[in-house]
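# Fold and geometry: a report
Chain residues, written in single-letter form:
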Amino acid sequence: MNLRPMLADDLDAVAALESQISPGPWTRGVFRECLQAGYDAWIMENDDGVLGAFGVLSTGAAEAHILNLGVATALRRRGLGRRMLQHLLCRAGQLGAQRVFLEVRVSNAGAQDLYRSQGFHEIGVRLNYYRNGEGREDALVLSLSLLPSANQLKEG
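In this report, the structure presented in the accompanying data block is examined. For clarity, every value in this text was computed on a predicted model and none was experimentally measured.

What follows deals with the overall build of the protein chain. A count of helical and extended segments in the protein chain gives 5 helices and 7 strands. Along the chain direction, N to C, the helices and strands of the protein chain fall in the order β-α-α-β-β-β-α-β-α-β-β-α. Its C-alpha atoms give the protein chain a radius of gyration of 16 Å, near enough to 15 Å, the size a compact globule of 156 residues would have. Principal axes of the C-alpha set define a box for the protein chain whose edges measure 50 × 35 × 30 Å. For the protein chain, the proportion of its 156 residues judged to be buried stands at 42%. As displayed, the protein chain offers around 8600 Å² of accessible surface, 47% of which is attributable to carbon and sulfur atoms.

Okay, here's the thing in structure tokens:
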């Protein structure tokens, strides 16, 4: 899979993938607004241009927020989500963030496992944050420090 910045020409494919994988999907317009706002948005596609994953990152005031990260259902459990997440974390650091935040559906155990495997920890809950077919769903708020820990500083 090739990783590259998301372009306006990608918006139809990104919105179509989002509508397939999310119970409360972002619209094409939301993705367009993210690009217009200058958010760091990325896609992964195969050599034929077929979209496999996307990610959107917002940064400011030494903080970053992973706004959205999605992987095509047929391509899950192949490392695409981990690769996209690691890329977004690297970009957050490059853009001056010291801490990264994200929300994840309480029902999305797979995503929670991925985020925790990368060092994220729960700092709160947003009640009724996500839309879904039954109404609303809570979100876990997760955080990760990009600063070296005291142990890492001693080892360095």
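Let us keep going from here.
Locating Val104 in the fold gives a position in strand E5 (residues 99-105). The class for Val104 is buried, based on a relative accessible area of 3%. Here the alpha-carbon distance between Val104 and Val141, two residues 37 residues apart in the chain, equals 6.7 Å. With residues near it in sequence (within four places) discarded, Val104 still touches Ala111, Gln112, Tyr115, Tyr130, Asp138, Ala139, Leu140 and Leu142.

Let us now look at the sheet that holds E5. The strand order E1-E2-E3-E4-E5-E7-E6 describes an open sheet built from 7 strands, whose pairing is mixed. If you trace the sheet from one side to the other, it starts and ends with strand E1 (2-5) and strand E6 (121-132), each paired once. Here the strands of the sheet are splayed against their neighbours by 25° on average, with no regard to which way each runs. In this structure, E1 lies alongside strand E2 (residues 40-45), joined through 4 bridges in antiparallel fashion. Each bridged residue has a counterpart across the sheet, and for Pro5 the counterpart in E2 is Trp42. Packing of helix H1 (residues 11-21) onto the sheet brings it into contact with E2, strand E3 (51-60) and strand E4 (63-71), and relative to E3 it is tilted by some 100°.

Before going further, it helps to spend a moment on unusual backbone geometry. Trans is the prevailing form of peptide bonds, just as negative phi is the prevailing case for residues other than glycine. With a phi close to 55°, Ala61 is a non-glycine residue in the positive phi region. A positive phi is found at Arg77, a non-glycine position, where the angle reads about 70°. Its place among the elements puts Arg77 in the loop between E4 and helix H3 (80-94).

The next subject is the layout of surface pockets. Here the largest pocket defines a volume of roughly 1000 Å³. In terms of lining, the largest pocket is formed by 38 residues, of which the most central are Leu69, Gly70, Asn108, Ala111 and Tyr115. Listing elements by their share of the lining of the largest pocket, those giving two or more residues are H1, E4, H3, E5, helix H4 (109-117), E6 and strand E7 (135-145). With 7 residues, the single largest contributor to the lining of the largest pocket is E4. For the lining of the largest pocket, the residue count by class is 16 nonpolar, 11 polar and 11 charged.

What counts and what doesn't
- Residues numbered from 1 in each chain as written.
- Predicted model: local features only at pLDDT ≥ 70, side-chain atom pairs only at ≥ 80, totals over all residues.
- Heavy atoms only, no water.
- Helix = DSSP H or I, 4+ residues; strand = E, 2+ residues; numbered from the N terminus.
- Rg over C-alpha atoms; globule rule 2.2 N^0.38 Å.
- Buried < 20%, exposed > 50% of the residue type's maximum accessible area, 1.4 Å probe, protein only.
- Areas by Shrake-Rupley, 256 points an atom, 1.4 Å probe, with all protein chains shown as cover.
- Contact = heavy atoms within 4.5 Å.
- Pairing = 2+ DSSP bridges.
- Axes fitted to C-alpha atoms, helices over the stretch in contact; angles between N-to-C directions.
- 1 Å grid on protein atoms, 1.4 Å probe; cavity = no way out; pocket = protein on both sides within 12 Å on 5 of 7 lines; lining within 4 Å.
- Points joined across faces, edges and corners; volume = space filled by probe spheres on them.
- Nonpolar A, V, L, I, M, F, W, Y, C, P; charged D, E, K, R; others polar.

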